[in-house]
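Close look at the chain arrangement
Here is how the chains run, residue by residue.
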Amino acid sequence: MARKKNSSADVTGPRIRAAALRLFARHGYAAVSMRQIASEVGVQAGTLYLYTADKQSLLFDLMQTHMQDLLSELAALPEAQTPLAELQQFTRFHIRFHRARSDAVFIAYMELRNLEPGNFDQIEAMRRQYEAHLESILARGKAKGVFDLPDTKLAAFALIAMLTGVNTWFREGGRLSLDAVEEIYWQMVLKAVGA
């Protein structure tokens, strides 16, 4: 018997995206087939095409959702009163947001090379928006004499790389708690911006 139209779209669609996210993060986009994703979900390979046009669309959807969530949660942060307070808020937000989504973060950085040009341009524009937010904090701090930076754009790239790096090594139950790591990184950020 055929499945009723949209009878499990709210369940199967998210399961497909979750399986693709895990498999892309574990094996790499290029090494994962639609058949593997279907097997992980427990559906026929043809079923996937009811939810996504192709593997490229699935990769783009995962990256776009990640970036939309990032920008949305960043925009929802309470307004900080000074560039220093805003930089601290950004630092802590970046670590927490990314730590909770390690697979999505890995894909967002490592699989950019596998996006088709139009998809790449859209994701890159969202990444630039996020980077510009940090750069504007640094520029305001520099203008007020709070930060001593030769190049705010370069500093923004360096800080984002440093903060995102927590995902590559941090493990719950390790020597340091996430709170402790967050505080140490904040102190390193202060030194990096010459505060």
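Throughout what follows, the structure given in this document is the object of discussion. (Residues numbered from 1 in each chain as written. Predicted model: local features only at pLDDT ≥ 70, side-chain atom pairs only at ≥ 80, totals over all residues. Heavy atoms only, no water.)

1. Quick word on the side chain of Glu182
Mapped onto the secondary structure, Glu182 falls in helix 10 (residues 178-192). At 2.4 Å, the side chain of Glu182 and the side chain of Arg96 are in polar contact. In contact with Glu182, other than residues within four places in its own chain, are Arg92, Ile95 and Arg96. (Helix = DSSP H or I, 4+ residues; strand = E, 2+ residues; numbered from the N terminus. Polar contact = N/O pair within 3.5 Å; in protein donor to acceptor, adjacent residues only side chain to side chain. Contact = heavy atoms within 4.5 Å.)

2. Details of a nonpolar patch on the surface
There is a patch of nonpolar side chains on the surface, built from Phe106, Tyr109 and Met110 and spanning about 260 Å² of accessible area. Note that Tyr109 resides in helix 6 (residues 102-110). (Patch = residues over 30% accessible without salt bridge, like charges linked within 9 Å, V, L, I, M, F, W, Y side chains within 5 Å. Areas by Shrake-Rupley, 256 points an atom, 1.4 Å probe, with all protein chains shown as cover. Salt bridge = Lys/Arg side-chain N within 4 Å of Asp/Glu carboxyl O.)

3. Thoughts on helix 4 (residues 55-75)
For helix 4, built from 21 residues, the straight-helix expectation of 30 Å at 1.5 Å per residue is met to within 8% by its first-to-last C-alpha distance of 30 Å. For helix 4, the complete set of buried residues consists of Lys55, Gln56, Leu58, Leu59, Phe60, Leu62, Met63, His66, Met67, Leu70, Leu71 and Leu74. You can read the cap of helix 4 off the contacts: a side-chain oxygen lies 3.3 Å from the backbone nitrogen of Gln56, and it is on Asp54. (Expected span 1.5 Å × (residues − 1). Buried < 20%, exposed > 50% of the residue type's maximum accessible area, 1.4 Å probe, protein only.)

4. Comments concerning the layout of surface pockets
The volume enclosed by the largest pocket comes to roughly 200 Å³. Together, 13 residues line the largest pocket, and Leu21, Leu62, Thr65, Asp69 and Ala104 are the ones closest to its centre. Its volume calculated, the second largest pocket comes out at about 160 Å³. Contributing to the lining of the second largest pocket are Ser102, Asp103, Val105, Phe106, Tyr109, Met110, Thr164, Asn167 and Thr168. Contributing elements (two or more residues each) for the lining of the second largest pocket: helix 6 and helix 9 (166-169). At 6 residues, the largest contribution of residues to the lining of the second largest pocket is made by helix 6. Grouping the amino acids of the lining of the second largest pocket by side-chain chemistry returns 4 nonpolar, 4 polar and 1 charged. (1 Å grid on protein atoms, 1.4 Å probe; cavity = no way out; pocket = protein on both sides within 12 Å on 5 of 7 lines; lining within 4 Å. Points joined across faces, edges and corners; volume = space filled by probe spheres on them. Nonpolar A, V, L, I, M, F, W, Y, C, P; charged D, E, K, R; others polar.)

These values are about where atoms sit, not about what they do.
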